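Below are the chains, spelled out letter by letter.
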Amino acid sequence: MSVTRPLHRLLAQTPHLLRASTTTPPPIRTFTTTPTPPLPRRRPSRPISLPSTPSYTPSQIEKLSEHYTPQQLATLLTGDAAIDPYDFDDRQPRDAHDPYKLAYLTDLSTLDPLLDFPPDHEKYTPPNLGHPKQPLPVITDPEVSFPEEEAAGVYRGEELSRLTGFSAAQLKKFTIRSMVFHRVVNQTRMGKIQRFYALNIAGNGNGLLGIGEGKSAEPGDAGQIASYMALRNLEPIPRYEGRTIHGKVKVKIGAVELELRSAPPGYGIRASEPIFEMCRALGIQDLSAKISRSTNRMNVVKAVMHGLRSQKLPDVIARGRGIKLADVRKVYYNGANMGSSSHF
């Protein structure tokens, strides 16, 4: 196929195109559009005309001159003349029912009870707004407490003194130690519920000892409840010669196997830290202890308390055997030991 063929055909049709161009062209289609409305024109500003004479009467100007100096009065008259009357008449009035609308102050020499601060030398009496003065409600809920009542701590109220028989001053002298304190989380369908657990001991150093547990959502409340329960659970613990325990005691609480042994004078307290603190609070100076298997602090404290309660007293043994107390202890003639060296 020849490349010049299209050009040849174009040249052959040139006379036809020239003839067509001499004819009258078809009319051009016209479109009608909606005229755009003119933009709102601003109101032509009117020239400010300053009147040669003021709009006040001579009597009014004389009354104004009593309160203003001539310079101030001239300034006020010039300001009034500078306001266009057209703008003044075209102003929009404020809604009469506007709740934030303030009353127009015409006399500034008087004090308004709401807008003005009363002077110190005058006694201010608030206006009567129509609200009755009701007394504050008295809260009688026993679960509600106030900071001034919590200031006394676990020694507040008369209930603890009534239960223990000690006054608040005596209870404050008791030894309170925190043995266990940790966070406990309970998994529920609502999520993890966090609480705090505390285990405290209390003692007077002279034969009284008590343990208490406390649980609360706040750490301070848990410790306070544990201290309160420890003071409430005080009980007398028998001691041999006021310094050690009677004989040997074996206790098992959970996985804790505990053995408490009496000791001679000057032996001291040879035990772990929880047992040492409990002996100090109780008033024991000579003791030997051995813990087998688990050393969980909570179970150790409970095991020591259970072992101190379950001591085998000499009078109980003598009553069970039907013999005299001196025969159980085997101590005769003013303390002379005629038999074995029993610690009873």
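Above: the structure in question.
Residues numbered from 1 in each chain as written. Predicted model: local features only at pLDDT ≥ 70, side-chain atom pairs only at ≥ 80, totals over all residues. Heavy atoms only, no water.

Caption draft 1: Geometry of the sheet that holds strand β8 (residues 287-293). If you walk across this open sheet you meet the four strands as β5-β6-β8-β7, and the pairing is mixed. Each edge of the open sheet is held by one strand with a lone partner, namely β5 (248-253) and β7 (269-270). Sheet analysis places β7 next to β8, joined by two bridges and oriented parallel. When the sheet's bridge partners are listed, Arg270 is paired in β8 with Ser288. (Pairing = 2+ DSSP bridges. Helix = DSSP H or I, 4+ residues; strand = E, 2+ residues; numbered from the N terminus.)

Caption draft 2: The arrangement of unusual backbone geometry in detail. In this model, Glu241 sits at a positive phi of 60°, which is unusual for a non-glycine residue. Mapped onto the elements of the fold, Glu241 is located in the loop between β4 (235-236) and β5. Residue Glu241 is classed as exposed on the basis of its relative accessible area of 54%. At Arg293, a position not held by glycine, the phi torsion is positive, near 60°. (Buried < 20%, exposed > 50% of the residue type's maximum accessible area, 1.4 Å probe, protein only.)

Caption draft 3: Local environment of the packing of aromatic side chains. Tallied over the full model, the rule gives two aromatic pairs. Ring centres 5.2 Å apart and planes at 70° place the aromatic pair Phe166 and Phe174 in the edge-to-face group. Among the residues examined, Phe174 registers a relative accessible area of 10% and is labelled buried. Consider the rings of Phe181 and Phe196, whose centres lie 6.0 Å apart with planes at 15°: the pair is stacked. You can see Phe181 sitting in strand β1 (residues 175-188) and its partner Phe196 sitting in strand β2 (residues 191-203), a full 15 residues away along the chain. The class for Phe181 is partly exposed, based on a relative accessible area of 43%. The class for Phe196 is buried, based on a relative accessible area of 14%. (Phe/Tyr/Trp six-rings, centres within 6.5 Å; stacked < 30°, edge-to-face > 60°.)

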